Amino acid sequence: IGALQRSTTRGLNVKTVIDVGASDGRWSKICMNFQPKAKYLLIEAQEEHKMGLDQFILENKNADYIIAAAGTKEGYIYFDNGNLFGGLASESPFEKNCIEVPLVSIDGEVDKRKLEPPYLIKLDTHGFEVPILEGSMKTIKHAELIIIESYNYRLTSESLRYFEMCNYMEKIGFSPIENVDFTLRKYDNSFWQMDTFFIPSIRKEFSSEAYI
């Protein structure tokens, strides 16, 4: 909550929020406290969240949702639905808890729904971030904030660790402005994940290297 508030204080004002891995809409509900006039598109792969999402859009006329995973293109993809508030998309089938779900791209949904910039994109996608970002390149050009749940460990053979994600984002013109919601893993109490807030590298915040 604090990071969203600080983002607003720094001048964030978006017309569209795209919440990928939206579950039942709980994060978007928080975000609406700071970006109440924006339109919201919630993308969630697990059908079990449909009841919560139906209630969310009933209460918020500026919101809509789609039951699908996000990736590079339209189609279908495998999904591990073993955890209702977790889950992971993959081009290859999982050994267990494996279902097939519809696949959409953020660029495709933005074009189809005529969603206006500037954009805020939030990814809670457990290691499948790069394909989603690759399917968002047109939208990203007009994004003011991208929030990514990033990890200290490699969740899949193709996922990026935190420092690799920073390098990737820098190449497409974004730099980290905040890290929040640190989580330790149960295995050894070491740093597991956090939410990283990326803003365009040309923003005024990066024009000064001073502390005060």
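The structure presented is a predicted model; accordingly, all values stated were derived computationally and were not measured. (Residues numbered from 1 in each chain as written. Predicted model: local features only at pLDDT ≥ 70, side-chain atom pairs only at ≥ 80, totals over all residues. Heavy atoms only, no water.)

*Asks:* Where do I start with the pattern of salt bridges in this structure?
*Replies:* It is possible for side chains bearing opposite charge to pair when their charged atoms get close. Enumeration over the complete set of coordinates arrives at 15 salt bridges. A salt bridge links aspartate 24 to arginine 26, with the shortest nitrogen-to-oxygen separation between them at 2.9 Å. Accessibility expressed as a relative area gives 22% for aspartate 24, which makes it partly exposed. Linking aspartate 188 and arginine 185 is a salt bridge whose minimum nitrogen-to-oxygen distance equals 2.8 Å. A network of salt bridges, in which partner residues are shared, links Asp64, Glu74, Glu109, Lys112 and Arg113. (Salt bridge = Lys/Arg side-chain N within 4 Å of Asp/Glu carboxyl O. Buried < 20%, exposed > 50% of the residue type's maximum accessible area, 1.4 Å probe, protein only.)

*Asks:* Where do I start with the sheet that holds strand 4 (residues 69-70) in this structure?
*Replies:* Pairing within the open sheet is mixed, and its 4 strands lie in the order 4-7-5-6. With partners counted over all chains shown, the strands left at the sheet margins are strand 4 and strand 6 (88-90), one partner each. (Pairing = 2+ DSSP bridges. Helix = DSSP H or I, 4+ residues; strand = E, 2+ residues; numbered from the N terminus.)

*Asks:* How do you make sense of helix 7 (residues 162-171) when you look at a structure like this?
*Replies:* Met165, Cys166, Tyr168 and Met169 are the residues of helix 7 that are buried. For helix 7, the angular spread of buried residues about the axis comes to 165°, placing them on one side. Exposed and oriented more than 90 degrees from the buried face of helix 7 are Glu170 and Lys171. Along its buried surface, helix 7 packs onto helix 5 (129-134), helix 6 (137-140), strand 9 (143-151), strand 10 (174-184) and strand 11 (191-200). Residue glycine 173 follows helix 7 closely and has a positive phi angle near 95°. (Arc of directions from axis to C-beta. Contact = heavy atoms within 4.5 Å.)

*Asks:* I tried to follow the side chain of threonine 125 on my own but got confused; where do I start?
*Replies:* Mapped onto the elements of the fold, threonine 125 is located in the loop between strand 8 (119-123) and helix 5. Judged by its relative accessible area of 10%, threonine 125 falls in the buried class. Polar contacts involving the side chain of threonine 125 include one to the side chain of glutamate 129, which spans 3.1 Å. When residues no more than four places from it in sequence are discounted, the contact partners of threonine 125 are Val20, Gly87, Leu88 and Ile132. (Polar contact = N/O pair within 3.5 Å; in protein donor to acceptor, adjacent residues only side chain to side chain.)

*Asks:* Which parts of the structure should I look at to understand the sheet that holds strand 8?
*Replies:* In sheet architecture, strand pairing relies on hydrogen bonds along the backbone and comes in two forms, parallel and antiparallel. Read from one edge of the open sheet, 7 strands run 3-2-1-8-9-11-10, paired in mixed fashion. Each end of this open sheet is capped by a strand with a single partner; those strands are strand 3 (63-67) and strand 10. In this sheet, neighbouring strand axes are inclined to one another by 15° on average, regardless of whether the strands run parallel or antiparallel. Where strand 8 lies against strand 9, 5 bridges are found, and the strand directions are parallel. Paired with tyrosine 119 across the bridge in strand 9 is alanine 143. Contacts from helix 1 (residues 2-9) reach strand 9, strand 10 and strand 11, with the element oriented near 160° to strand 10. (Axes fitted to C-alpha atoms, helices over the stretch in contact; angles between N-to-C directions.)

*Asks:* Explain the pairing of strand 2 (residues 39-44) to me, please; I cannot follow it from the model alone.
*Replies:* A regular strand places its side chains on the two faces of the sheet in alternate fashion. Burial analysis of strand 2 places 5 of its 6 residues in the buried class, which makes it a mostly covered element. Pairing analysis gives 5 bridges linking strand 1 (residues 16-20) to strand 2, with the strands arranged parallel. Bridging from a neighbouring strand, isoleucine 18 pairs with leucine 41 of strand 2. Where the polypeptide runs from strand 1 across helix 2 (residues 26-31) and back to strand 2, its parallel neighbour, the crossover connection is right-handed. Note: strand 2 against strand 3, 5 bridges, orientation parallel. By the bridge assignment, leucine 42 is partnered in strand 3 with tyrosine 65. Assessed by its sense of winding, the connection that carries the chain from strand 2 through helix 3 (residues 50-59) to strand 3 is right-handed. (Right-handed = clockwise from strand over helix to strand, strands pointing away.)

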